[in-house]
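# Analysis of the macromolecular model
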Amino acid sequence: MEKQELKKRSEVPVELTWDLEVLFATRAEYETALTKMEADVAEFAETFTGALNNAEVIVEAIKAYEAIQTQVSVLYHYANLPAATDLTNADYTQMAGQFDNKMATVSATLSFFDSELTQVPEEILDAVVEIEPLYASFIRHTKADKHIQLTPEVEKALAQLSPTLYAPESIYDQAKLADMDFGTFTVDGEDYPLSFVLYEDFYMYHTDTAIRRAAFDAFSKVLKQYENVIAQAYYSKVQTEKTLATMRGFDSVFDYLLYDQEVDQDLYNRQIDVIMSDLAPVMRKYITHLKEVQGLDKVTYADLKIDLDPEYSPKVTIEDSQKMVADAVSILGEEYTEMIMRAYPERWVDFAQNTGKSTGGFCTSVSANKAHPYILMSWTNHLSNVYTLIHEFGHAGQGIMSSDHNAVVGDNPSLYLIEGPSTFNELLLTDSLTRKTDDPRMERFALTKMMSDTYFHNFVTHLLEAAYQREVYKLVDAGLGFDAQKLSELKRNVLETFWGDAVEINPGAELTWMRQPHYYMGLYPYTYSAGLTIATQAFLKVKEEGQPAVERWLEFLKTGDTYIPAEAAAIAGVDITTDKPLKDTIAYLDRSVDRMIALTKELN
């Protein structure tokens, strides 16, 4: 594998960056729009404060509220996306911070809307839905919020405090991407540059065991130096969540964090418990096979993400990815494929590698007809990049289709469902790689990519985050605190329980709790496996039934927030009220690993 060097953001070719001029052509246009939005908010408050007393007025108010939310969405993305590409740029971080401060004032001004709506009698709220059925999900949430809404004065104060309440994630990002200096590490007398992005996107997959393990050790050594400040930031975050849970009358922080997802603790705990017990043996079998094929002396935590057959792994350029993506999603029809392929000429994606850039990948959708989704990732010419890209395209496709078929106040699906479309697209990519060949090596290669990129990432990495996170929140619910040493102890216990004797949990593995921003997003990590469970069963139905299952999946992508998760999943043909989809998915993975092992024997 070639050496990697990170450029400064100013040195990156523009064609590798996303196009923010779709939002505003100039900074001056942004400033003008920001001023207009603030004026519209003031006018909205003046017009509707104390006036939400009949269905017709409420419908008018919701429409005006949607117009403001659309303005806010465009402004937010223009102000915050640059910082995600380079946190070392003071101008970017200042613009994001200034917008967040403005939004605190805006949110405080708008807080009356939810406060007054929750005081409206239910028969009037039901009449709103009769007038405008697209507002049904918004009204569903409003009626539920009657039980947790605080006084208008407190709600306004909380809105004004929002920059402070969300500060822990900003502290984490600054420490990780701006302050941490990983320098270089040395192997056999040669120096190698290291950064957070380079480790996560390059060295973690390196084919040279000595370089890979040395990179992990050097990476962990720097993380260790920041463990106390990161632990304190995280402690501040979870204590804030526990305080808000108590204020709103929840008995448990789990119930509070699952409230907006519209799922209960049984669904949450089942997702973690079944995977920890039933998937662990499957993954141990896979990782033991990886050890044998690669001829490793042992499998350490630093070795988990390597390819089974790295010599067969093709180098994939961004241009190459276009054909691969188009072929993979073509089963969903011409209209869906054309929608996704617009991403390349319209520059939805920031592919560049540069210093200060956020790690991993994400997709965010803008609530405006002219604006397209935005995707951030770092392209390193590996097939795993195509998996990341098509994963984010899954989010983008759902965002567009949901927006096209729902009101602005009803187009965001439950977090429980959000990772279904993204992981479904990854399965389409693996299927595309396998159906075009009768070569057993290619079939094995595709199966290993499905394991290492789709299921390992979403069913293992994020699930183990969720299992660890659950232990942290149990401490908080019990009124106990924690420090960096306790977090490392919890993480190590989870890793050792899952991997058993198959993997050596070497020093540094326990610091994995410092590597993900997901812990600052509530109970998000477990939803990856929840979404992939839905995606796997829907994908298998597409393979079995063909077009009828495709139509059900496309209908699922349009649902937005129309239904609670169990009802939405049922549209895709998946019953998440039982553990059958999860157990069937694990059984599918077990068969895939057995097939992989059989192909290795055939090749040998």
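Our subject is the structure listed above.
Residues numbered from 1 in each chain as written. Predicted model: local features only at pLDDT ≥ 70, side-chain atom pairs only at ≥ 80, totals over all residues. Heavy atoms only, no water.

### Section: the overall build of the protein chain
The condition is simple: In this description a helix means any DSSP run of H or I spanning at least four residues, a strand means any run of E spanning at least two, and both kinds are numbered starting from the N terminus. For a compact globule the rule gives 2.2 Å times the number of residues to the power 0.38, and the radius of gyration it is set against comes from C-alpha atoms. When a residue's accessible area, from a 1.4 Å probe over protein chains only, is under 20% of the maximum for its type it is buried; when over 50% it is exposed; and in between it is partly exposed. Counting rule for charge: Lys and Arg are taken as positive, Asp and Glu as negative, and neither His nor the chain ends is counted. For this purpose, a charge sits on NZ of Lys, CZ of Arg, CG of Asp or CD of Glu.
Check the secondary structure of the protein chain and you find 23 helices and five strands. What you see for the protein chain is a C-alpha radius of gyration of 24 Å, in line with the 25 Å of a compact globule of 604 residues. Considering only C-alpha atoms, the protein chain reaches an extent of 75 × 55 × 50 Å along its principal axes. Among the 604 residues that make up the protein chain, the fraction classed as buried is 57%. Separation between the mean location of the 52 positive side-chain charges and that of the 94 negative ones in the protein chain comes to 5 Å.

### Describing the pairing of strand 2 (residues 190-193)
Heads up, the rule is: The rule for pairing is simple: two strands pair if DSSP sees at least two bridges between them.
Both strand 1 (residues 184-187) and strand 2 contribute to a ladder of four bridges, which runs antiparallel. Bridge pairing links Thr184 to Pro193 in strand 2. The antiparallel pairing of strand 1 with strand 2 creates a hairpin that spans two residues between the two strands, and Asp188 there sits at a positive phi of about 50 degrees.

### Notes on unusual backbone geometry
Positive phi is not limited to glycine here, since Glu262 has a value of about 60 degrees. By secondary structure assignment, the location of Glu262 is in the loop between helix 12 (253-259) and helix 13 (265-294). Taking the relative accessible area as the measure of exposure, Glu262 reaches 23% and is therefore partly exposed. Notably, Arg347 is not glycine yet its phi reads approximately 55 degrees, a positive angle.

### Here's the deal with the packing of helix 1 (residues 27-48) against helix 3 (residues 90-117)
Filter applied, for reference: Fitting a line to C-alpha atoms yields each axis, with helices limited to the stretch in contact; the angle taken between N-to-C directions then spans 0 to 180 degrees. Relative orientations are named as follows: roughly parallel for angles under 35 degrees, roughly antiparallel for angles over 145 degrees, roughly perpendicular for angles from 65 to 115 degrees, and oblique for any other angle. Left-handed describes a crossing whose near helix is turned anticlockwise from the far helix by less than a right angle; the clockwise case is right-handed. Only heavy atoms enter the contact rule, under which two residues are in contact if any of them lie within 4.5 Å. All amino acids are sorted into three groups, where Ala, Val, Leu, Ile, Met, Phe, Trp, Tyr, Cys and Pro are nonpolar, Asp, Glu, Lys and Arg are charged, and the leftover types, Gly among them, are polar.
With their axes 9 Å apart at the nearest point, helix 1 and helix 3 run at an angle of 15 degrees to one another. In terms of their interaxial angle, helix 1 and helix 3 are classed as roughly parallel. The handedness of the crossing between helix 1 and helix 3 is left-handed. Here Arg27, Tyr30, Leu34, Met37, Glu38, Val41, Phe44, Ala45 and Phe48 of helix 1 come into contact with helix 3, specifically with Asp91, Met95, Phe99, Lys102, Met103, Val106, Thr109, Leu110, Phe112, Phe113 and Glu116. Counted by class, the contact of helix 1 with helix 3 contains 14 nonpolar, one polar and five charged residues.

### Some words on the sheet that holds strand 4 (residues 362-364)
Each strand in a sheet pairs with its neighbour through backbone hydrogen bonds, running either in the same direction (parallel) or in the opposite one (antiparallel). The mixed open sheet is built from three strands, whose spatial order is 3-5-4. Edge positions in the sheet fall to strand 3 (349-350) and strand 4, since each has one partner strand and no second. By the bridge criterion, two bridges tie strand 3 to strand 5 (residues 374-376) in an arrangement that is parallel. Bridged to Asp350 within strand 5 is Leu376. Here helix 2 (residues 55-85) sits on the sheet and contacts strand 3, strand 4 and strand 5; the angle it forms with strand 4, its principal contact strand, is near 170 degrees. Taken strand by strand, helix 16 (residues 383-405) contacts strand 3, strand 4 and strand 5, and its axis lies near 20 degrees from that of strand 4.

### A few points about the packing of helix 13 against helix 19 (residues 484-499)
Their axes nearest at 8 Å, the elements helix 13 and helix 19 cross at an angle of 70 degrees. In terms of orientation, helix 13 and helix 19 fall into the roughly perpendicular class. In this structure, helix 13 contributes Ile275, Met276, Leu279, Ala280, Met283, Arg284 and Ile287 to the contact, and helix 19 contributes Val494, Thr497, Phe498 and Trp499. The residue makeup of the contact of helix 13 with helix 19, split by class, is nine nonpolar, one polar and one charged.

### What to know about the environment of Gly522
Tracing the sequence through the fold places Gly522 in the loop between helix 19 and helix 20 (526-545). Expressed as a C-alpha distance, the spacing of Gly522 and Lys7, which sit 515 residues apart in the sequence, is 33 Å. Among residues more than four places away in sequence, those in contact with Gly522 are Glu241, Leu257, Gln469 and Tyr473.

### Digging into the packing of aromatic side chains
In this description, a pair of aromatic rings is defined by centroid distance and the angle of the planes. Applicable threshold: Ring geometry is summarised as follows: Phe, Tyr and Trp rings, the Trp one being its six-membered ring, pair when their centres sit within 6.5 Å, and such pairs are stacked at plane angles under 30 degrees, edge-to-face over 60 and tilted between the two. The rule for a charge over a ring is simple: NZ of Lys or CZ of Arg within 6 Å of the ring centre, and within 35 degrees of the ring normal.
Summed over the entire model, instances satisfying the criterion amount to 44 aromatic pairs. Both rings, one in Tyr455 and one in Phe459, keep their centres 5.7 Å apart while their planes meet at 85 degrees; by these two values the pair is edge-to-face. Separated by four residues within a single helix, Tyr455 and Phe459 lie in helix 18 (residues 440-477), roughly one turn from each other. Overall, the relative accessible area of 0% leaves Phe459 in the buried class. What links up through ring pairs into an aromatic cluster is the set Tyr172, Tyr234, Tyr235, Tyr468, Phe482, Tyr519 and Tyr520. Above the ring of Phe196, the side-chain terminus of Lys176 is found at 4.9 Å from the ring centroid.

### Overview of the pattern of salt bridges
We apply this condition: Here a salt bridge means any side-chain nitrogen of Lys or Arg lying within 4 Å of a carboxyl oxygen belonging to Asp or Glu.
Applying the stated rule across the entire model yields 36 salt bridges. For Arg441, the salt bridge is made with Asp309, and the minimal N-O distance between the two is 2.6 Å. Highlighted residues: Arg441 in helix 18 and Asp309 in the loop between helix 13 and helix 14 (318-329), separated in sequence by 132 residues. In this structure, a network of salt bridges that share partners links the residues Arg212, Arg213, Asp297 and Asp303.

### Quick word on the side chain of Glu419
What counts is decided by this rule: The term polar contact refers here to a pair of N or O atoms within 3.5 Å; inside protein, the definition further demands a hydrogen-donor-capable atom paired with an acceptor-capable atom, and it admits residues adjacent in sequence only when both atoms are side-chain atoms.
Its place among the elements puts Glu419 in the loop between helix 16 and helix 17 (420-435). Buried charge without a salt bridge: Glu419, with Lys305 as the nearest opposite-charge side chain at an N-O distance of 14 Å. Side chain to side chain, Glu419 and His391 meet in a polar contact 3.2 Å long. The residues contacting Glu419, other than those within four sequence positions of it, are His391, His395, Tyr524, Thr527, Tyr528, Gly531 and Leu532.

### Quick look at the environment of Asp201
Counting through the fold element by element, Asp201 comes out in helix 9 (residues 196-201). Residue classification places Asp201 among the buried residues on the basis of a relative accessible area of 16%. Not counting residues up to four positions away in its chain, the partners in contact with Asp201 are Ser378, Thr380 and His382.

### Focus: the nonpolar core
Let me state the cut-off plainly: The set of buried Ala, Val, Leu, Ile, Met, Phe, Trp, Tyr and Cys residues whose side-chain atoms join them within 4.5 Å is what this entry labels a nonpolar core.
Phe185, Tyr203, Leu279, Ile287, Phe393, Trp499 and Trp513 are the most contacted members of the largest nonpolar core, which has 159 residues in total. Sort the elements by how many residues they give to this core and helix 18 lands first, with 19 residues. Those residues in contact with Tyr203 that sit more than four places away from it in its chain are Phe185, Tyr192, Pro193, Leu194, Leu198, Ile211, Arg212 and Ala215. Core analysis: the next-biggest nonpolar cluster, separate from the first, contains 47 residues, Val72, Tyr78, Leu110 and Ala407 among them.

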